[in-house]
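Close look at the chain arrangement
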Amino acid sequence: MSLKGKDIISIRDLKKEDIELILDTAEKMEPYAKGEKTSKLMEGKILGTLFFEPSTRTRLSFTSAMQRMSGQVMGFSGTGITSIAKGENLTDTIRTVERYCDIIVIRHPLEGSARLAAEVSSKPIINGGDGGNQHPTQTLLDLYTIKKVKGKIKGLDIVLLGDLKYARTMRSLSFALAMFDANLTFVSPKGLEMAKDILIGIEDNFGKKPIQTNDIDAGLKKADVIYICRIQKERFEDKFEAEKMQKAFRITPEILGKCKDEVAILHPLPKITEIDPRVDEMKCAKYFDQTFYGVPVRMALLALVSGVM
Ligand code: CP
């Protein structure tokens, strides 16, 4: 089994054995990700980071991952100072950048843009998020975090909470969690339920039917892991209704008092108001550890895709 030269566009492009290889390799990368050991694995290689949309964690953790392995990084964050501002199209941009580097990470607002980039590029393309569609490297680091925090994924009761309709992280993650045999509960406000195609995909591929509810109290009671994302207020016509949902679907110490003692709270970040700041200090808050795990996971992916491991 080899991931050398592979494009990573959707979590569905990866078999379970591929994901297990990435997670096992990430474990080996941890001392290097922490700076406790040094690595020359990617010496002489260049990563291109093309971020057409804002990012803190994805871009910087890929940068850290590459630099921790002695590789180099070039690219842009925002298109204002590139020739895209003059009207250059995505395919010409990719055909140019692939001649300057060895692997490309792309974040773009349009769904399908990473797949299009992969079709025109001879160098591996990694999807850093394409519109509301997929964010596969986030899913890999989410799986890794759950394994680190809980020691396993299989058999855990995992709740995905918040805007399940528009959050791309939730679409990728729910499929992968079903693949690893977690028990899924989807808790969302009315109208922001998980898309039907994802539910059908989970049932067809893994024979699982996630529980779906709009009742936050009932949904969270049994949870081993609560994975929360923000309610996207900008998508509501009625801002008052959005604010009502934001308040009702907020994680607070009071809500957590009704949950299992050992529950873990994850969030892809950035978080806005959906987690009470008092939760940051509680032992269940694992979301900043989660951001760190992005580094060893992305180190593993870069090393495997470039064929140096
Ligand atoms: N989780 C995530 O994708 O964060 P950024 O948008 O900051 O990259």
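Residues numbered from 1 in each chain as written. Predicted model: local features only at pLDDT ≥ 70, side-chain atom pairs only at ≥ 80, totals over all residues. Heavy atoms only, no water.

Helix and strand counts for the chain come out as 11 helices and 9 strands. For 309 residues, the compact-globule estimate of 2.2 N^0.38 gives 19 Å, and the C-alpha radius of gyration of the chain, at 19 Å, lies within 12% of that figure. A principal-axis box enclosing the C-alpha atoms of the chain has dimensions of 55 × 45 × 40 Å. Residues counted as buried form 54% of the 309 residues belonging to the chain. Sequence-distant contacts in the chain: of pairs separated by 6 or more residues, those separated by 24 or more amount to 73%. (Helix = DSSP H or I, 4+ residues; strand = E, 2+ residues; numbered from the N terminus. Rg over C-alpha atoms; globule rule 2.2 N^0.38 Å. Buried < 20%, exposed > 50% of the residue type's maximum accessible area, 1.4 Å probe, protein only. Contact = heavy atoms within 4.5 Å.)

Read from one edge to the other, the open sheet built from 4 strands follows the order β2-β1-β3-β4, with strand pairing classed as parallel. Each edge of the open sheet is held by one strand with a lone partner, namely β2 (72-77) and β4 (125-130). Between one strand axis and the next, the sheet turns by 10° as a mean value, whatever way the strands run. Sheet topology places strand β3 (residues 103-108) next to β4; 4 bridges connect them, and they run parallel. Along β4, the bridge assignment pairs His108 with Asp130. Contacts between helix α3 (residues 90-97) and the sheet are confined to β1 (46-51), β2, β3 and β4, with β3 contributing the most and set at about 155° to the helix. (Pairing = 2+ DSSP bridges. Axes fitted to C-alpha atoms, helices over the stretch in contact; angles between N-to-C directions.)

Inspection of the secondary structure assignment puts Thr58 in helix α2 (residues 57-68). For Thr58, the side chain forms a polar contact with the side chain of His135, separated by 3.5 Å. In contact with Thr58, not counting residues within four places along its chain, are Phe51, Arg107, Gly128, His135 and Arg298. (Polar contact = N/O pair within 3.5 Å; in protein donor to acceptor, adjacent residues only side chain to side chain.)

Once that is clear, we can look at the packing of helix α5 (residues 136-150) against helix α6 (residues 168-179). In contact at an axis separation of 9 Å, α5 and α6 are set at 50° when each is read in the N-to-C sense. Judged by the angle between their axes, α5 and α6 are oblique. Read as a crossing pair, α5 and α6 show a hand that is right-handed. Residues Pro136, Gln138, Thr139, Asp142, Leu143 and Ile146 of α5 lie in contact with α6, whose contacting residues are Thr169, Ser172, Leu173, Ala176 and Leu177. Its residues assigned to classes, the contact of α5 with α6 shows 6 nonpolar, 4 polar and 1 charged. (Parallel < 35°, antiparallel > 145°, perpendicular 65-115°, else oblique. Left-handed = near helix turned anticlockwise from the far one by under 90°. Nonpolar A, V, L, I, M, F, W, Y, C, P; charged D, E, K, R; others polar.)

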